[in-house]
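# Fold and contact review
Next come the chains, spelled out residue by residue.
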Amino acid sequence: MTDEPRLSAQDMIERLAPVLSPRVRIRAVTTLLAGAAGAVFVGTLWWSEPGPLPGRTHVAFALFTVFCLAWAAYGGWLLTRRVPLFATDRVIAAWIGLAASLATTALVTVVAVRRGTGVGLALAVGGVFVAVALALALRAHARRAALLRRMHELSGGEER
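Let me begin by describing the structure that accompanies this report.

Definitions and cut-offs
- Residues numbered from 1 in each chain as written.
- Predicted model: local features only at pLDDT ≥ 70, side-chain atom pairs only at ≥ 80, totals over all residues.
- Heavy atoms only, no water.
- Helix = DSSP H or I, 4+ residues; strand = E, 2+ residues; numbered from the N terminus.
- Buried < 20%, exposed > 50% of the residue type's maximum accessible area, 1.4 Å probe, protein only.
- Contact = heavy atoms within 4.5 Å.
- Areas by Shrake-Rupley, 256 points an atom, 1.4 Å probe, with all protein chains shown as cover.
- Salt bridge = Lys/Arg side-chain N within 4 Å of Asp/Glu carboxyl O.
- Expected span 1.5 Å × (residues − 1).
- Core = buried A, V, L, I, M, F, W, Y, C linked by side-chain atoms within 4.5 Å.

## With respect to the overall build of the chain
When its secondary structure is counted, the chain shows 5 helices and 0 strands. Traced from its N-terminal end to its C-terminal end, the chain shows the element sequence α-α-α-α-α. Residues classed as buried in the chain amount to 27% of the 160 residues present. Considering only contacts within the chain whose residues lie at least 6 apart along the sequence, 70% involve residues at least 24 apart. For the chain, the accessible surface area stands at approximately 10,700 Å², while carbon and sulfur atoms represent 69% of it.

## Let's talk about the pattern of salt bridges
With the rule as written, the count across this model stands at 2 salt bridges. In this structure, the salt-bridge partner of R27 is D89, at a minimum N-O distance of 2.4 Å. Of this pair, R27 sits in helix α2 (residues 22–47) while D89 is found in helix α4 (residues 88–115), placing the two residues 62 residues apart along the sequence. Among the residues examined, D89 registers a relative accessible area of 6% and is labelled buried. Taking the shortest distance from any N to any O, the salt bridge between E153 and R150 comes out at 3.3 Å. One end of the pair is E153 and the other is R150, both in helix α5 (residues 120–154) and 3 residues apart, which spans about a single turn. A residue is classified by how much of its surface remains accessible, and R150, at 46% relative accessible area, is partly exposed.

## Things to note about helix α3 (residues 55–80)
With 26 residues, α3 should reach 38 Å at 1.5 Å per residue; the first-to-last C-alpha distance of 37 Å fits that figure. Within the sequence span of α3, burial applies to A60, F61, L63, T65, F67, C68, A72, Y74, G75 and L78. Buried residues in α3 make contact with α2 and α4.

## Remarks on the nonpolar core
L20, V24, A28, Y74, L78, L85, A93 and I96 form the largest nonpolar core, which has 8 residues in total. Secondary-structure elements contributing two or more residues to this core are α2, α3 and α4. Setting aside chain neighbours within four positions, we find Y74 in contact with R27, T31, D89, R90, I92, A93 and I96.

And the structure:
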């Protein structure tokens, strides 16, 4: 036996080197760059339109720019984290994806209704994206809950 006292899970975590894994760092950099590049691309398209645009087109450009900026902010936030995240990053990414799929589905459906082309295809495709995003959000929440439960078990059920 050792004379060293038993450490709680939180104490063990705090003793770990405060760095993210290379895989998480690559994911964060990719997300940051893709979000920033998307925002620049969509913003440039929006700004460079030669004539006046309809209101729904402005809404679409603004929506896509906001989603790109949200992904860039998420990537930047992930890069600045130097502690174990307990799948918080996955929960945040899942919510961004769900919000983007819901808003895009709503926008495409409104455009289909205004054009009179029928909403069946727009709702079907959008519904698939929303269903996948919702499934990923549920899975992310379940993973986070399992990790937090395990941390609580390892720390002996003591309160922080």
